[in-house]
Amino acid sequence: MSNDQISHLLEHYILGEPYSIRRGTVSYPATEKDTSERYIAKVRSFPAFPSVTDVFLQTGAFKRREEVDAYYREEARSLCRQAAVLNALSHSEYFSHFTFCQTTERPDIGYDVWLLSPFRTTLASVFAKRHIPPETAISLGISLCRGMAQCREMGFFYAGIKPENIYLSNKGTFQVGDIGFISLSALPYAPLPDGYLTSYAPPECTDCYCRLSPNADIYSIGAILYQAFNGGKLPNKLENPPIYAGKEMATIVMKACASSPDDRYSSPEEMLDELLSYNKSHK
């Protein structure tokens, strides 16, 4: 798809100035001209920096520019496949969607992937502005567990759990709404990509030789709940229970974000059962 075709896709939107530029991704606020509906437009570039191409060639990773271009093309296609997974999951209430995902070829070498999605308030914004009521925090945990279970049913693991990737829907529920999908069959061989090494990733992922544990997402859900029951604050080390969690909830949260994978819940379904049981007994 050419830049002219992308311009045609975006001709019904007004793009504002970029509000985020990092690691080859530029994010713009966008407004639909006819409806004034708000959107977020992101463009992800492959390569993230032009100098990467020279490094590939100089180090001998690739011998020809055509080989480098083919590598970038596959990276762009991989991102579009992840967008397709999100859209397939968006039939449920636990995932949002992309309005479109399109690829343009860059004039020199490489590709840009354009992602347009409806504007939603992020969980990060909610944490920054106010405390979350306990019942909302529990609902958040239940939604994340159900979402991760559905993701696995489709054959994927979601590695992108963090407040910036969780959105408040128009119905007041929380939804996952960004890329971060890894095939379950690749888990035994896949380290966590650098872009997902956040404060919500489990400790074992800081080891570059470590492979993703099957319950790494449980740690991330636990860290989200820890923050929800800790006044929106996430300490560097999750050693003590969150200050606003009662004893039973603190037990659930601390088990989920245990440092050792062996001490965590083994699956989203197991953690979900604990949360549902807690919710039922405290109504």
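As a reminder, the structure under discussion sits directly above these lines.
Let me sum up the structure you'll find in this document. (Residues numbered from 1 in each chain as written. Predicted model: local features only at pLDDT ≥ 70, side-chain atom pairs only at ≥ 80, totals over all residues. Heavy atoms only, no water.)

## Section: the packing of aromatic side chains
Tallying each qualifying case throughout the model produces nine aromatic pairs. Pairing Phe56 with Tyr72 gives two aromatic rings, centres 6.3 Å apart and planes at 40°, and the pair type is tilted. Here the residue Phe56 occupies a position in helix α2 (residues 51–59), and Tyr72 occupies one in helix α3 (residues 65–89), the gap between them amounting to 16 residues. The same class applies to Phe56 and to Tyr72, which are both buried. Following the ring pairs from residue to residue traces out a cluster consisting of Phe56, Phe62, Tyr71 and Tyr72. (Phe/Tyr/Trp six-rings, centres within 6.5 Å; stacked < 30°, edge-to-face > 60°. Helix = DSSP H or I, 4+ residues; strand = E, 2+ residues; numbered from the N terminus. Buried < 20%, exposed > 50% of the residue type's maximum accessible area, 1.4 Å probe, protein only.)

## Digging into the pattern of salt bridges
Inspection of every chain in the model, using the stated rule, returns nine salt bridges. A salt bridge links Asp217 to Arg152; its shortest N-O distance comes to 2.6 Å. Taken together, the residues span a long stretch of sequence, with Asp217 in helix α6 (residues 216–228) and Arg152 in helix α5 (residues 134–153) at a distance of 65 residues. No difference in accessibility class separates Asp217 from Arg152, as the two residues are buried. Residues Arg264 and Glu204 are paired through a salt bridge, measuring 2.8 Å at the closest nitrogen-oxygen approach. A residue pair is termed long-range when its members are at least 10 positions apart, and Arg264 in the loop between α7 (247–256) and α8 (268–281) and Glu204 in the loop between β11 (181–183) and α6 qualify at 60 residues. Judged by relative accessible area, which is 4%, Arg264 ranks as buried. For Glu204, a relative accessible area of 14% puts it in the buried group. It is possible to trace a salt-bridge network through shared partners that takes in Arg64, Glu66 and Glu67. (Salt bridge = Lys/Arg side-chain N within 4 Å of Asp/Glu carboxyl O.)

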